[in-house]
Amino acid sequence: MHKIIFIMTGLLILAGCTKSPLDYRYKYTGDYSFRIHVNTFITPELSFDNTYFSDGKIEFSGDDQGIGIILSYNRSYYADLFEDRSIIGHQFPGELRGEFESSKKMHFSVFEYSPGCRTTIDVTGEKIK
């Protein structure tokens, strides 16, 4: 009888949590070090290429699959993280695609389009905590 009460209590506690402790996203959240490579193409004669580093974090966002990728230079991306470790987000006016290679390493690309300009942002991240 005591075992049944213990199991029922455990199930009620799990059901009452806002985020399930069994949520697969937990192993990917935390503090990260990011390498960001930005390439902006305007014309063959005019393009910009820059690489820099930033600390940031990955956290839960919005819905059941959502994550927020927060870079410390005031840029954030929001995407869905699927159980197969793929990441898909939609950034207006472009898109975001990537994946987690492991629970500690990830990469994604953002493709932004505007009249007369195309920017590709390639980001790799490694968990530091």
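Residues numbered from 1 in each chain as written. Predicted model: local features only at pLDDT ≥ 70, side-chain atom pairs only at ≥ 80, totals over all residues. Heavy atoms only, no water.

Draft legend 1. Structural context of the overall build of the chain. Summing up its helical and strand segments, the chain has one helix and eight strands in all. Helices and strands appear in the chain in the N-to-C order α-β-β-β-β-β-β-β-β. Burial analysis of the chain (129 residues in total) assigns 31% to the buried set. Restricting to contacts in the chain with at least 6 residues of sequence separation, those with at least 24 account for 39%. Total accessible area on the chain stands at roughly 8,400 Å², and carbon and sulfur atoms take up 58% of it. (Helix = DSSP H or I, 4+ residues; strand = E, 2+ residues; numbered from the N terminus. Buried < 20%, exposed > 50% of the residue type's maximum accessible area, 1.4 Å probe, protein only. Contact = heavy atoms within 4.5 Å. Areas by Shrake-Rupley, 256 points an atom, 1.4 Å probe, with all protein chains shown as cover.)

Draft legend 2. Representation of the nonpolar core. Within the largest apolar cluster, 20 residues are counted, with the highest numbers of intra-cluster contacts made by Phe34, Ile58, Ile69, Tyr77, Phe100, Met106 and Phe108. Elements supplying a minimum of two residues to this core: strand 1 (30–43), strand 3 (66–71), strand 4 (75–81), strand 6 (94–102), strand 7 (105–114) and strand 8 (117–127). Looking at this core, the element that brings in the most residues is strand 1, giving four residues. If sequence neighbours within four positions are ignored, Ile69 has contacts with Phe34, Lys57, Ile58, Arg75, Ser76, Tyr77, Met106 and Phe108. (Core = buried A, V, L, I, M, F, W, Y, C linked by side-chain atoms within 4.5 Å.)

Draft legend 3. Spatial organisation of the pairing of strand 3. Across the six residues that make up strand 3, a large majority, six, are buried. Neither face of strand 3 is left uncovered, since the one carrying Gly66, Gly68 and Ile70 and the one carrying Ile67, Ile69 and Leu71 both have all their residues buried. Both strand 2 (residues 46–60) and strand 3 contribute to a ladder of five bridges, which runs antiparallel. Residue pairing for strand 3: Gly56 is matched across the bridge by Leu71. Counting the residues in the hairpin turn of strand 2 and strand 3 gives five residues, including Gly62, whose phi is positive at 50°. Where strand 3 lies against strand 4, six bridges are found, and the strand directions are antiparallel. By the bridge assignment, Ile70 is partnered in strand 4 with Ser76. Between strand 3 and strand 4, which pair antiparallel and follow one another directly, the connecting turn spans three residues, one of which, Asn74, has a positive phi of 70°. (Pairing = 2+ DSSP bridges.)

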